[in-house]
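# Residue-level structural notes
Residues per chain are reported as follows:
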Amino acid sequence: MKLGILSRNSKLYSTRRLVEAAEQRGHEVRVVDPLRCYMNITSHNPQIHYKGDILDQFNAVIPRIGASITFYGTAVLRQFEMMNVYPLNESVAISRSRDKLRSLQLLSRRGIGLPVTGFAHSPDDIDDLLATVGGAPCVIKLLEGTQGLGVVLAETTQAAESVIQAFMGLKQHILVQEYIKEAKGSDIRCLVIGDKVVASMKRQAKEGEFRSNLHRGGSATLCRITPEERATAVRAAKVMGLNVCGVDLLRSNHGAVVMEVNSSPGLEGIENASGKDVAGMIIEFIEKNAKPNRTKTKGRG
Ligand code: ADP
Ligand code: MG
């Protein structure tokens, strides 16, 4: 097969591993910087131009679109979908996953366990909002934060009120969430491919930190997950419409709850912690599923 990887940097661990795995399995692969793709959207014959070439050779594309380029990156992916190229994850599903509020609404509609979460627009509603999530301590999040940046733990009601006021003053949309203290700074990353959790790891925040993100100094270890956790992760991926994703669970007193679903999960932490060839499994999934016209949404919706 001819595969394209939409990634800004071919030196990143995940991109390198996907290239390696694809070549090992006999595929031709090219890394394409989505920000250098340009296209004519009014043409009857949708095309993508790239550094003077026309990209019409791919059977499938693997989007590795960073959170900072979601808008342009998903537009490029949508164009590939219009050309009937199989996307590992569809543009619509990626857009959904980038908005924490939209994701939680989708997941809650399908009855998936979530931390109690609220959102509001007006500073006048802060007190009520805090009451609905059980008061302080609580977690306050920017809707489009990533790598732990934009996630704050407010220990007291006073702190929560002033942080919420500050974000609202900056015209930032936020959500307020029950703090799952019993998780003790850890969460479980489940790497889902298709309808299976192929690897999982426990991430533990460093001393004095509540965020377990590896980018914030967290550490990863292999962990076993329960059949319920496995089923929850697979259902969450399905609801989001993602073929490959990282589903993050918090182990709370009321069972495992989904904290977020990541549509471009990093491979370094999970491959190292699990010792598994996740990149190889992703390529294998594409081999089984990539056929023209397999895009469900063709970028619609
Ligand atoms: P990001 O997209 O920036 O990774 P997350 O929602 O995943 O944002 O939050 C970052 C980290 O903060 C999580 O990995 C987790 O360790 C911690 N965290 C987030 N929400 C909660 C919560 N409700 N209770 C306890 N810890 C949380
Ligand atoms: Mg996270």
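## Side note on the domain arrangement of the chain
For the chain, the assigned domains are domain 1 (2–95), domain 2 (99–113 + 182–284) and domain 3 (117–179). When each unit is reduced to the centre of its C-alpha atoms, the spacing between domain 2 and domain 3 is 23 Å. Each partner contributes to the interface: domain 2 provides 12 residues, whereas domain 3 provides 17 residues. The contact between domain 2 and domain 3 buries some 1,300 Å² in all, and 60% of this surface belongs to carbon and sulfur atoms. Taken as a group, Lys-100, Leu-101 and Phe-210 account for 44% of the area that domain 2 buries against domain 3, more than any other trio of residues on that side.

## Quick look at a negative patch on the surface
On the surface, a cluster of negative charge is made up of Asp-124, Asp-125, Asp-127 and Asp-128. Within the secondary structure, Asp-125 sits in the loop between strand 8 (117–118) and helix 5 (126–132). Relative accessible area serves as the criterion here: at 39%, Asp-125 is assigned to the partly exposed category.

## Some remarks on the pattern of salt bridges
This model, assessed by the stated rule, comprises 14 salt bridges. Note that Asp-187 and Arg-203 form a salt bridge whose closest N and O atoms lie 2.6 Å from each other. Of this pair, Asp-187 sits in strand 12 (residues 186–193) while Arg-203 sits in strand 13 (residues 196–204), and the two are 16 residues apart along the sequence. For the pair Asp-187 and Arg-203, a shared accessibility class is recorded, and that class is buried. As a salt-bridge pair, Arg-211 and Glu-209 come within 2.7 Å of each other at their nearest N and O atoms. Classification of Arg-211 by relative accessible area gives buried; the value is 19%. By sharing partners, the salt bridges in this structure join Arg-17, Glu-20, Glu-271 and Asp-277 into a single network.

Basis of the calculations
- Residues numbered from 1 in each chain as written.
- Chains lettered and ligands numbered in written order.
- Predicted model: local features only at pLDDT ≥ 70, side-chain atom pairs only at ≥ 80, totals over all residues.
- Heavy atoms only, no water.
- Domains from an automatic or database assignment.
- Contact = heavy atoms within 4.5 Å.
- Buried area = accessible area lost by both parts, 1.4 Å probe.
- Patch = residues over 30% accessible without salt bridge, like charges linked within 9 Å, V, L, I, M, F, W, Y side chains within 5 Å.
- Areas by Shrake-Rupley, 256 points an atom, 1.4 Å probe, with all protein chains shown as cover.
- Salt bridge = Lys/Arg side-chain N within 4 Å of Asp/Glu carboxyl O.
- Lys, Arg positive; Asp, Glu negative; His and termini not counted.
- Charge placed at Lys NZ, Arg CZ, Asp CG, Glu CD.
- Helix = DSSP H or I, 4+ residues; strand = E, 2+ residues; numbered from the N terminus.
- Buried < 20%, exposed > 50% of the residue type's maximum accessible area, 1.4 Å probe, protein only.

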